[in-house]
Amino acid sequence: MDTEITLRVDGAAHPLTVDTRTTLLDALRERLRNTSPKKGCDHGQCGACTVLLDGRRVNSCLVLAVTVGDAEVTTSDGLAAGGQPHPLHRSFVERDAFQCGYCTPGQVCSAAGVIEEARAGWPSAVTADLTAADAELTDAEIRERMSGNLCRCAAYANIVPAVADVAQASGVRR
Amino acid sequence: MREFRYAAATDPAAAVALLAGEPSGAFLGGGTNLVDLMKLGVATPDVLVDVRTLTSREVTDAADGGLRIGAGVPNADLAADRRVRERYPVLAQALLAAASGQLRNRATTAGNLLQRTRCGYFTDVTRPCNKRSPGSGCGALRGLHRNHAVLGQTLDGPGTCVATQPSDMAVAMVALDAVVQVLGPDGARSIPIGELHRLPGDDASRDTTLRHGELVTAVDLPPMDMPSRYRKVRDRASFAFALVSVAAALRVEDGVVADVRLALGGVAHKPWRAAVAEGALRGRPATEESFAAAADAELAAATPLPGNGYKVPLARNVVVRTLLELTGGLA
Ligand SMILES: Cc1cc2nc3c(=O)[nH]c(=O)nc-3n(C[C@H](O)[C@H](O)[C@H](O)COP(=O)(O)OP(=O)(O)OC[C@H]3O[C@@H](n4cnc5c(N)ncnc54)[C@H](O)[C@@H]3O)c2cc1C
Ligand code: SF4
Ligand code: FES
Ligand code: FES
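Residues numbered from 1 in each chain as written. Chains lettered and ligands numbered in written order. Predicted model: local features only at pLDDT ≥ 70, side-chain atom pairs only at ≥ 80, totals over all residues. Heavy atoms only, no water.

**Student:** For this particular structure, what's the right way to read the interface of chain A and chain B?
**Tutor:** Where interface size is given, it is often the accessible area lost as the parts come together that is meant. Between chain A and chain B, the contact holds 37 residues from the first and 39 residues from the second. In this assembly, chain A packs against chain B so that about 3,100 Å² is buried in total across both faces, 55% of it on carbon and sulfur atoms. For chain A, the biggest contributors to the area lost against chain B are A:Arg21, A:Leu62 and A:Leu130; these three give 21% of the whole. Run the count over chain A and chain B and you get 2 salt bridges. There are 22 residue pairs in polar contact (both at pLDDT 80 or more) connecting chain A and chain B. Looking at the side of chain A that touches chain B, the elements that each hand over two or more residues are β3 (50-53), β4 (56-59) and α4 (104-119) of chain A. By residue number, the principal contributor to the side of chain A that touches chain B is β4(A), which donates 4 residues. Residues of the side of chain A that touches chain B, tallied by class, amount to 14 nonpolar, 16 polar and 7 charged. (Contact = heavy atoms within 4.5 Å. Buried area = accessible area lost by both parts, 1.4 Å probe. Salt bridge = Lys/Arg side-chain N within 4 Å of Asp/Glu carboxyl O. Polar contact = N/O pair within 3.5 Å; in protein donor to acceptor, adjacent residues only side chain to side chain. Helix = DSSP H or I, 4+ residues; strand = E, 2+ residues; numbered from the N terminus. Nonpolar A, V, L, I, M, F, W, Y, C, P; charged D, E, K, R; others polar.)

**Student:** Would you mind showing me how to read the side chain of A:Asn59 here?
**Tutor:** Inspection of the secondary structure assignment puts A:Asn59 in strand β4. In this structure A:Asn59 comes out as buried when scored by relative accessible area, which is 3%. Ignoring sequence-local partners within four residues, the contact set of A:Asn59 consists of A:Gly44, A:Gly47, A:Cys49, B:Ser100, B:Gln102 and B:Leu103. (Buried < 20%, exposed > 50% of the residue type's maximum accessible area, 1.4 Å probe, protein only.)

**Student:** Teacher, can you tell me more about α4(A) here?
**Tutor:** Note: α-helices contain 3.6 residues per turn, so residues at a spacing of three or four share the same orientation. All names here are of chain A. The end-to-end C-alpha separation of α4 is 22 Å, in line with the 22 Å expected for 16 residues at 1.5 Å each. With 14 of its 16 residues buried, α4 lies for the most part within the structure. Gly121 lies just past α4 and shows a positive phi near 85°. (Expected span 1.5 Å × (residues − 1).)

**Student:** Could you clarify how one ought to interpret the pattern of salt bridges in this entry?
**Tutor:** Pairs may arise between side chains of opposite charge once their charged atoms sit close together. Residues and elements named next belong to chain B. Applying the stated criterion to the full structure yields 34 salt bridges over all chains. For the salt bridge of Glu325 with Arg231, the shortest nitrogen-to-oxygen distance reads 2.6 Å. With Glu325 in helix α11 (residues 311-327) and Arg231 in strand β9 (residues 228-233), the pair connects residues that are 94 residues apart, well separated along the chain. You can call Glu325 buried: its relative accessible area is 11%. Residues participating in the shared-partner salt-bridge network are Asp177, Asp259, Arg261, Arg273, Glu278 and Arg282.

**Student:** In this structure, what is going on with the packing of helix α5 (residues 89-96) of chain B against helix α8 (residues 168-175) of chain B? I would like to understand it.
**Tutor:** The description of two packed helices rests on the angle between their axes and on the distance between the axes. All names here are of chain B. Here α5 crosses α8 at 170°, and the two axes come no closer than 8 Å. As judged from the angle between their axes, α5 and α8 are roughly antiparallel. Contacts from Val90, Leu91, Ala94 and Leu95 of α5 reach α8 at Asp168, Met169, Ala172 and Met173. When grouped by side-chain class, the residues that make up the contact of α5 with α8 number 7 nonpolar, no polar and 1 charged. (Axes fitted to C-alpha atoms, helices over the stretch in contact; angles between N-to-C directions. Parallel < 35°, antiparallel > 145°, perpendicular 65-115°, else oblique.)

**Student:** Explanation requested: the site of ligand 1 in the structure shown.
**Tutor:** In the vicinity of ligand 1 lie 34 residues, with B:Phe27, B:Gly31, B:Thr32, B:Leu34 and B:Thr108 positioned nearest. Residues near ligand 1 are shared among chains A and B, making this a multi-chain site. Within the side chain of B:Thr32, a nitrogen or oxygen atom sits 2.7 Å from an oxygen atom of ligand 1. Taking B:Ala240, its main chain carries an N or O atom lying 3.3 Å from an oxygen atom of ligand 1. Bound to the protein, ligand 1 loses 94% of the 990 Å² it would expose on its own. In the shell around ligand 1, the residues fall into 16 nonpolar, 14 polar and 4 charged. (Near = heavy atom within 4 Å. Areas by Shrake-Rupley, 256 points an atom, 1.4 Å probe, with all protein chains shown as cover.)

**Student:** How should I be thinking about helix α3 (residues 87-94) of chain A in this particular structure?
**Tutor:** Residues and elements named next belong to chain A. Three or more residues of α3 are buried, namely Leu88, His89, Ser91 and Phe92. Seen along its axis, α3 keeps its buried residues to an arc of 165°; they face one direction. What points out from α3, more than 90 degrees from its buried face, is the exposed set Val93 and Glu94. Those residues of α3 that are buried lie in contact with α2 (76-79), α4 and α6 (156-169). (Arc of directions from axis to C-beta.)

**Student:** Honestly, the domain arrangement of chain A in this entry has me stumped. Any pointers?
**Tutor:** Residue and element names in this part refer to chain A. Domain annotation of chain A identifies domain 1 (2-77) and domain 2 (85-169). The C-alpha-based centres of domain 1 and domain 2 are spaced at 22 Å. The junction of domain 1 with domain 2 conceals about 1,300 Å² of combined surface from both sides, 53% of it contributed by carbon and sulfur atoms. By the criterion of area lost to domain 2, the three top residues of domain 1 are Lys38, Arg57 and Ser76, representing 44% of everything that side buries. Residue Arg57 pairs with Glu117 through a salt bridge whose shortest N-O separation is 2.9 Å. On inspection of domain 1 and its partner domain 2, the count reaches 8 residue pairs in polar contact (both at pLDDT 80 or more). Contributing elements (two or more residues each) for the side of domain 1 that touches domain 2: β3 and β4. Tallying contributions element by element places β3 first for the side of domain 1 that touches domain 2, with 3 residues. (Domains from an automatic or database assignment.)

This is the structure:
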């Protein structure tokens, strides 16, 4: 059933007519030709489709486009404001944190979310003291918080330091 | 995916009224379970009534010293709430041990409670499954059931089902004696959470005692003054459903169990309140021997399947270890 929506993506508004069944991921890739979010599993299991919705990381494959409303969608593309790579983009390159690169835009969006969540003091399943005022992004914390992003090339050993470098620069790592 | 109409209501009462006239419609929360099941052809609603932003996204202090959790509160926000972390650590730990950061940002409290089983026959429309297609049989009974139930299953007849309820959050809420607030076509009612999920009985298609069109509006947590914790055992360290989990709270006075709450996840069609074990523990010395005897008393009722017998000793050991941790007897 066709419905008219306007998606706000990476700073631009796009009026669209979509079938109600269209996911945000398919709307971005197939309709807006923004192929930075990737389709890995289409079932919330791999994280390749991760985007930021009003700044919070979500799996765009499980979000129906009609439910987005006027929330701001940020893709890995959009993190490179003005064509300038985001610090996470740079650190993934510097740390050699990928091989094929298919999972990378999702990893980058997820990592951006992880750093914001840590800044807000959110704990994780490996946080020893749930009541601590601040969150620290140790390697164990990064591994746990990034567990929703799979990498078939298994670049994990380099993804952790890539995220840690930016966490350090953002003041959420000790 | 079947075609559907998308309807946004202005308030909870309007959402209830909308769905009341749509026998094949469904409420939509974060969609992380429902949209998945729609893609698989397991759920085929013809109307979705979006309630994610309609129901409250706030956690508020209740007059009795407890908390009221709006149905729309995302799992991530609930886990991060200071009051939950300080007063209900069992709930924060259960939430943080579930799914992924992305899913927890989108998933709502009501949707989490009402998520459907992960049984692989249920999610595959080419297989027999009494829950999805009543009368077709239970593929898991003689098939792959390593992660299925060991307690309270229906092992023969039309209701045959050996599935587990997958929510970690619900197990913690059962141990906390939460109360679910519901708004239906006939008005509002309160359901003690232990009476929300049901055993398969003679009808595996119904996960809960909710009637069609009833909207979960909030979950109330009574005050809690006992130390509590959640322990989950899974196939990998993160981002996996429970094989077995335990939500426990314990108060020890003069070396004796003064009060205890115990619920098990991953073992039944509903979060399993271990009432037998609780009864066996009250007034007993808070020792490893008492804990093991209580766990054994609870699990005496277990009827494991050929492929999941490991869950019985696993549940026993996790109960003992979690209670020992709560006594401070284990680091
Ligand atoms: C890969 C993956 C891994 C996961 N791992 C875990 C895990 O380890 N532990 C765990 O506990 N969970 C896990 N989950 C499940 C996740 O927690 C649920 O999908 C989520 O909590 C559902 O919430 P939602 O708001 O998205 O629900 P939805 O998908 O929107 O809805 C679920 C059900 O609830 C109904 N509903 C929604 N809101 C209301 C309401 N207000 N009133 C009445 N009915 C309503 C819907 O009609 C639907 O039937 C996992 C999910 C995925 C995809
Ligand atoms: S265990 Fe339940 S859900 Fe799984 S196949 Fe059997 S009837 Fe279906
Ligand atoms: S494509 Fe969305 S999580 Fe895999
Ligand atoms: S770099 Fe290939 S999947 Fe991650």
